[in-house]
Amino acid sequence: MFRIGLTKTFELRLIQEVFQEEIKSDFFKSKNEGFGPLAVGGKFKISEENGLIPEAAFLTHVTIPTGKDIFQPQHAAMDFRFIGENTLSEKWGFAYNFGGEWSGDDLLFTGIYTAVLGTDITNQGGIFIINEDENNNTTLELTGCYAYGRQKFLEKIIKPGEGLVGQCYLERQPIFITDVPQGYTKIQFGLGDSTPNCIYIFPLIVNDEIYGILEIASFEIFTDTQKEFLEKVSESIAATLKNAKTGSVTTKLLAEAQEMAEVMSQQEDEMRQNMEEMQATSETMNQMVEQKDSEIAELKKQIRLLNS
């Protein structure tokens, strides 16, 4: 997804998903992957939260039948929804939205309504993405975080096996500690910082492949239910990272293919020019040979006349 705020109240949104589909049977195996349809839309801010007045916005998208044929809808589709959110307390909030969508396959209208009661369960968080260089050396890079201290944030490149995050990568298992080492991390807030009471680190895995590490910390000890919820959320985050990585690889391959095609086209032009130059040289040499043959024939004729 690409989002950019054009004004204080309007955000332009472009959504391009990458799909991967694999069909297996006893007789054959089929795999399809590629870009899905492009969705173009916007988010319009309606109001700021003020007492009982919620923070409200209007969100809409139009899906254009583009991308790989197998993933294209038959028709253009549209969705819209009104979004509202109210803060109930320092840790609790209530969000809701209602709207509808038209399917790109059968043009049927479907109403949408959701309501969510949410609470903050973490005070600090960071996500580490798996990167590999040209020599297949793996590192974990801190690409997003909140409430991190400056010193902790500077340590944004971690090697496998290094620290708790690197250990989690190698073991591919969650790490939960309540006895946080002094100085490991501090949660930043308005008046200063403080050491958390627990840290939960878990791998972001989908289809048995690891795409990153999520590290969160809290002043309150996570319950088993909260840990189970976070692990479920990690699967969605891993799937998103997978799609982003697949899209990045596909874009890179397309760019390399285009570059290769341009190089081959340039080489073809050079070969064509060389052939034309060789043909011109050959024609010139043939003309010279014909001229020499004509001169030799004329000399032979003159010699015969002199001998007679």
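Each remark here, short or long, concerns the structure printed above.
Residues numbered from 1 in each chain as written. Predicted model: local features only at pLDDT ≥ 70, side-chain atom pairs only at ≥ 80, totals over all residues. Heavy atoms only, no water.

Enquirer: In this structure, what is going on with a negative patch on the surface? I would like to understand it.
Expert: Where like charges cluster on the molecular surface, the negative patch consists of Glu132, Asp133, Glu134 and Glu209. Tracing the sequence through the fold places Glu134 in the loop between strand E8 (124-132) and strand E9 (138-146). In this structure Glu134 comes out as exposed when scored by relative accessible area, which is 82%. (Patch = residues over 30% accessible without salt bridge, like charges linked within 9 Å, V, L, I, M, F, W, Y side chains within 5 Å. Areas by Shrake-Rupley, 256 points an atom, 1.4 Å probe, with all protein chains shown as cover. Salt bridge = Lys/Arg side-chain N within 4 Å of Asp/Glu carboxyl O. Lys, Arg positive; Asp, Glu negative; His and termini not counted. Charge placed at Lys NZ, Arg CZ, Asp CG, Glu CD. Helix = DSSP H or I, 4+ residues; strand = E, 2+ residues; numbered from the N terminus. Buried < 20%, exposed > 50% of the residue type's maximum accessible area, 1.4 Å probe, protein only.)

Enquirer: Mind showing me how you'd approach the nonpolar core here?
Expert: Among soluble globular proteins, nonpolar side chains are generally buried collectively. With 17 residues, the main nonpolar core has Phe128, Leu140, Val165, Tyr169, Ile199, Ile201 and Ile213 as its most contacted residues. The element best represented in this core is helix H2 (residues 163-171), accounting for four residues. Among the nonpolar cores identified, the runner-up in size contains 14 residues, and Ile129, Tyr200, Phe202 and Ala238 belong to it. (Core = buried A, V, L, I, M, F, W, Y, C linked by side-chain atoms within 4.5 Å.)

Enquirer: Sorry, what's going on with the pattern of salt bridges here?
Expert: Side chains carrying opposite charge are able to pair once their charged atoms draw close together. One pass over the structure, following the stated rule, counts five salt bridges. We note a salt bridge from Lys292 to Glu295, for which the minimum N-O separation is 3.9 Å. With Lys292 and Glu295 both in helix H3 (residues 224-307) and three residues apart, the pair spans about one turn of that helix.

Enquirer: What is the right way to look at H2 in this model?
Expert: Residues of H2 that are buried: Leu164, Val165, Gly166, Cys168 and Tyr169. One or two positions beyond H2, positive phi appears at Arg172, with a value near 55°.

Shape descriptors only; they carry no functional weight alone.
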